[in-house]
Amino acid sequence: MSLSRLVLIVLFGGVTAAPLAAQGIPRGARTSQTVANAPRLMVANPFAFASADSASAVRIGSAARTEMKAIVGRDFTVVEQAQMNDALKQYGYPVDAILSPPLATTLAKNIQARVLMSGTMARGAGGGTVVTARLIGVNDDAGYVVTLTQQKGQTLEDFGKKLARALEPAVKSLADARACVDQRTSKPDKAEAAAQKAIKVLPNHGLAHFCLAQIAQDKKAPRPEVVKHLQAATKGDPLSLPVWTALATQYQQANDTANTLLAFEQMLLVAPTNQKLREELFKYFLQSGHSETALKVADEGLKLDPNNADLYDLKSNACLFLSNFKCAVDALEAMYATDSTKADTLFFTKISAAAAEGENPDNVRLLKWSQMGVRKYPNNPTLLGYLNKAYSLSGQTDSVIAVTNRIIAKDTTESGVIAALAAAQALIVPPDTTKARRDTSVAGRDTSAARRDTSAARRDTSAATAPRTSTKFTPRPKEAVPFLEFVIKHGDAQRKENAAALLYTGAAPLLQQPQDLPGAEELLRMAVAAANPTGKVYPAANYLLGLAILFQVPQIDPLAEKQKSCDLAMQEQTKLAAADSALTAGRSVNPEAVEKNLGIIKKYEPRIKSMLKAYCKTKKK
């Protein structure tokens, strides 16, 4: 399927705008106003990207509404401002709310208006007010657009009236343009005549030319004829996504890459937040070797309208598309500064993800935005995960523990497992080595220093092959156990192997001075139980487990002899048997060291038998 076909599906599959309920206006809602016989025309206040311009937008909209009444005569009933405000209050909006064009269209449909005058308001290069106004049928694919700049000394009321008068030809020619659409299939000749009539009034009428282009396509006319009408339609209505899509399709079919790119750029400007559209166009830019185009579109749009939060959103997506994560975070921060009301879960997820990506994550901004996101959405597992990562990267281990406990209390899925692994890693591996995530082959390093006569209880602690830690970091492997138990219980085979590797890494330092041999044994037994018997961790963990157990024998032996204790003698026998089994399973790690330690175990056998015979006579009776 070609890209143009995919884009058409995006456009006409109904995904160019959010569902009505999501936009805050209930589907099917109606006001109690009596519908006049003449079709309704609604004049919306122009949408102001800067909140400081809201009052000016209301004045311009009011003046345009009043003037439009004189323009339409009896052909339309202009919705009164009081009626609009009643509807706005009914849908939970304040009086004189400034709605974006898509929301204004939704409101117009729900109060049964057939035609809408909407617009956007910005500041020009000289500081003057610039309004782009559009008149379109609420169910039409195209309309007519004018852009006017407030003149020096011109009042906002006069400016609003001028906007309405500039759209008068569009009002007068709308019925004929619609007649073309209505008769296009059944009576194409009459449809064409109606369109030509509309064009006599308004030469670049967007809907009329779009209808003529469709008629030309129906007749299989030469491509230049179709393109000519589509180009005229874009001049009349540069905000029509269906027209730009049709034009891009024609260019693409003609293998006209340059014009295809230009059309796609305009489509992005028209619908910067249409995620499906962005994805398909970004793919095309990448495939055609023009990966910077999307970013250029956003930057050029922002030069004209620096308060347009939607364009900052587009820019952030373009930056992410280019793997320029700093650029993405910068754009999203600018978006937030422009309009903080757009900071929903998607925003906080996107900015946190961008800050966390790359070889050198921006942990300062990751921490800032993930904290803000979690404050607003305290139970969002994704945002909690990013906050956890920020704490982990900054070495705030206690905070990692607290956040992870919140996550795993409610999430036993892969996300919870990953969070638990990250917490265990923060407790076991120093922050400067976290990124490396040591390969479990570390267990295969030379541990020959462990070969010694244990009866002397003198051993080189380098035998444990423990990773070096920074002077400011103190491993807390025992605190990691609950998290690793969670991973072993809920994780898949790979996650269990990861948990086993961390248990191995956490146990290794416990064989060094000051030793905690029972603690090492506990961790290593867990590692052996969780590890894949055919993987790398299993023999390594067994090898260290054998050493951890064997090193305890010289501590038990003199006590057993001194106390003439049968229980201690039996405990020593059990330890030696367990050490023998573990070392044998870990033989592949260091065969020479294993053989020497197994030899030491054999030397203990006569002594154990002697102690058992001497100390356990009573128990035998």
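Look up a bit, the structure's there.
Owing to the predicted nature of the structure, the values given are computational and were not obtained by experimental measurement.

Caption draft 1: Fine view of the pattern of salt bridges. Taken as a whole, this structure holds 28 salt bridges when the rule is applied. Its salt-bridge partner being arginine 278, residue aspartate 313 comes within 3.1 Å of it at the nearest N-O pair. Separated by 35 residues along the polypeptide, aspartate 313 in helix α15 (residues 309–321) and arginine 278 in helix α13 (residues 275–287) bring together distant segments of the chain. Among the residues examined, arginine 278 registers a relative accessible area of 4% and is labelled buried. The salt bridge partner of lysine 575 is glutamate 521, with a shortest N-O separation of 2.9 Å. Of the two residues, lysine 575 is situated in helix α28 (residues 566–585) and glutamate 521 in helix α25 (residues 517–530); the sequence distance between them amounts to 54 residues. A residue is classified by how much of its surface remains accessible, and glutamate 521, at 9% relative accessible area, is buried. Overlapping salt bridges, with partners in common, bring together Lys326, Asp330, Glu333, Asp362, Arg365 and Lys368 in one network.

Caption draft 2: Seen up close, the pairing of strand β4 (residues 113–123). Burial analysis of β4 places eight of its 11 residues in the buried class, which makes it a mostly covered element. In the sheet, strand β2 (residues 47–48) pairs with β4 via two bridges, with the strands oriented parallel. When the bridges of β4 are listed, alanine 48 appears paired with methionine 121. In this sheet, strand β5 (residues 129–137) lies alongside β4 in antiparallel orientation, the contact comprising nine bridges.

Caption draft 3: Local environment of the state of the cysteines. The full count for this structure, using the stated rule, is three disulfides. Here cysteine 566 pairs with cysteine 616 through a disulfide, and the sulfurs are 2.0 Å apart. Measuring handedness by torsion sign, the sulfur bridge of cysteine 566 and cysteine 616 sits at about 105° and is right-handed. Note that cysteine 566 is positioned in helix α28 and cysteine 616 in the loop between α29 (591–615) and α30 (617–620), a separation of 50 residues in sequence. The class of cysteine 566 is buried, set by a relative accessible area of 6%. Since its relative accessible area comes to 5%, cysteine 616 is described here as buried. When the cysteines engaged in disulfides are numbered in sequence order, the protein chain pairs them as 1-2, 3-4, 5-6.

Caption draft 4: Spotlight on the nonpolar core. Counting residues in each nonpolar core, the largest one holds 145 residues, and the members touching the most others are Phe285, Leu484 and Leu524. Beyond its immediate sequence surroundings of up to four residues, phenylalanine 285 is in contact with Leu261, Phe264, Leu268, His290, Ser291, Thr293 and Ala294. By size, the runner-up hydrophobic cluster in this structure holds 33 residues, among which are Ile60, Met121, Leu148 and Leu167.

Caption draft 5: Representation of the pairing of strand β6 (residues 144–149) in the model. Both β5 and β6 contribute to a ladder of six bridges, which runs antiparallel. Of the residues in β6, the one forming a bridge with valine 130 is threonine 149. In sequence, β5 turns back onto β6 through a hairpin of six residues.

Caption draft 6: Region of the structure containing the packing of helix α3 (residues 54–72) against helix α6 (residues 156–166). Here α3 crosses α6 at 45°, and the two axes come no closer than 7 Å. With respect to each other, α3 and α6 are oriented oblique. α3 and α6 meet at a crossing whose hand is right-handed. Contact residues: α3 offers Ser56, Arg59, Ile60, Ala63, Ala64, Glu67, Met68 and Ile71, while α6 offers Leu156, Glu157, Phe159, Gly160, Lys161, Leu163, Ala164 and Arg165. Per-class residue counts for the contact of α3 with α6 are nine nonpolar, two polar and five charged.

Caption draft 7: Seen up close, the packing of helix α11 (residues 241–253) against helix α12 (residues 257–270). It is at 8 Å that the axes of α11 and α12 come closest, and there the two elements cross at 160°. Taken together, α11 and α12 sit at an angle that is classed as roughly antiparallel. Regarding α11 and α12, the two cross each other, and that crossing is left-handed. Counting all contacts with α11, which are made through Leu241, Trp244, Thr245, Ala248, Tyr251 and Gln252, the residues of α12 involved are Asn259, Thr260, Ala263, Phe264, Gln266, Met267 and Val270. Split into classes, the residues belonging to the contact of α11 with α12 amount to eight nonpolar, five polar and no charged.

What counts as what
- Residues numbered from 1 in each chain as written.
- Predicted model: local features only at pLDDT ≥ 70, side-chain atom pairs only at ≥ 80, totals over all residues.
- Heavy atoms only, no water.
- Salt bridge = Lys/Arg side-chain N within 4 Å of Asp/Glu carboxyl O.
- Helix = DSSP H or I, 4+ residues; strand = E, 2+ residues; numbered from the N terminus.
- Buried < 20%, exposed > 50% of the residue type's maximum accessible area, 1.4 Å probe, protein only.
- Pairing = 2+ DSSP bridges.
- Disulfide = S-S within 2.5 Å.
- Core = buried A, V, L, I, M, F, W, Y, C linked by side-chain atoms within 4.5 Å.
- Contact = heavy atoms within 4.5 Å.
- Axes fitted to C-alpha atoms, helices over the stretch in contact; angles between N-to-C directions.
- Parallel < 35°, antiparallel > 145°, perpendicular 65-115°, else oblique.
- Left-handed = near helix turned anticlockwise from the far one by under 90°.
- Nonpolar A, V, L, I, M, F, W, Y, C, P; charged D, E, K, R; others polar.

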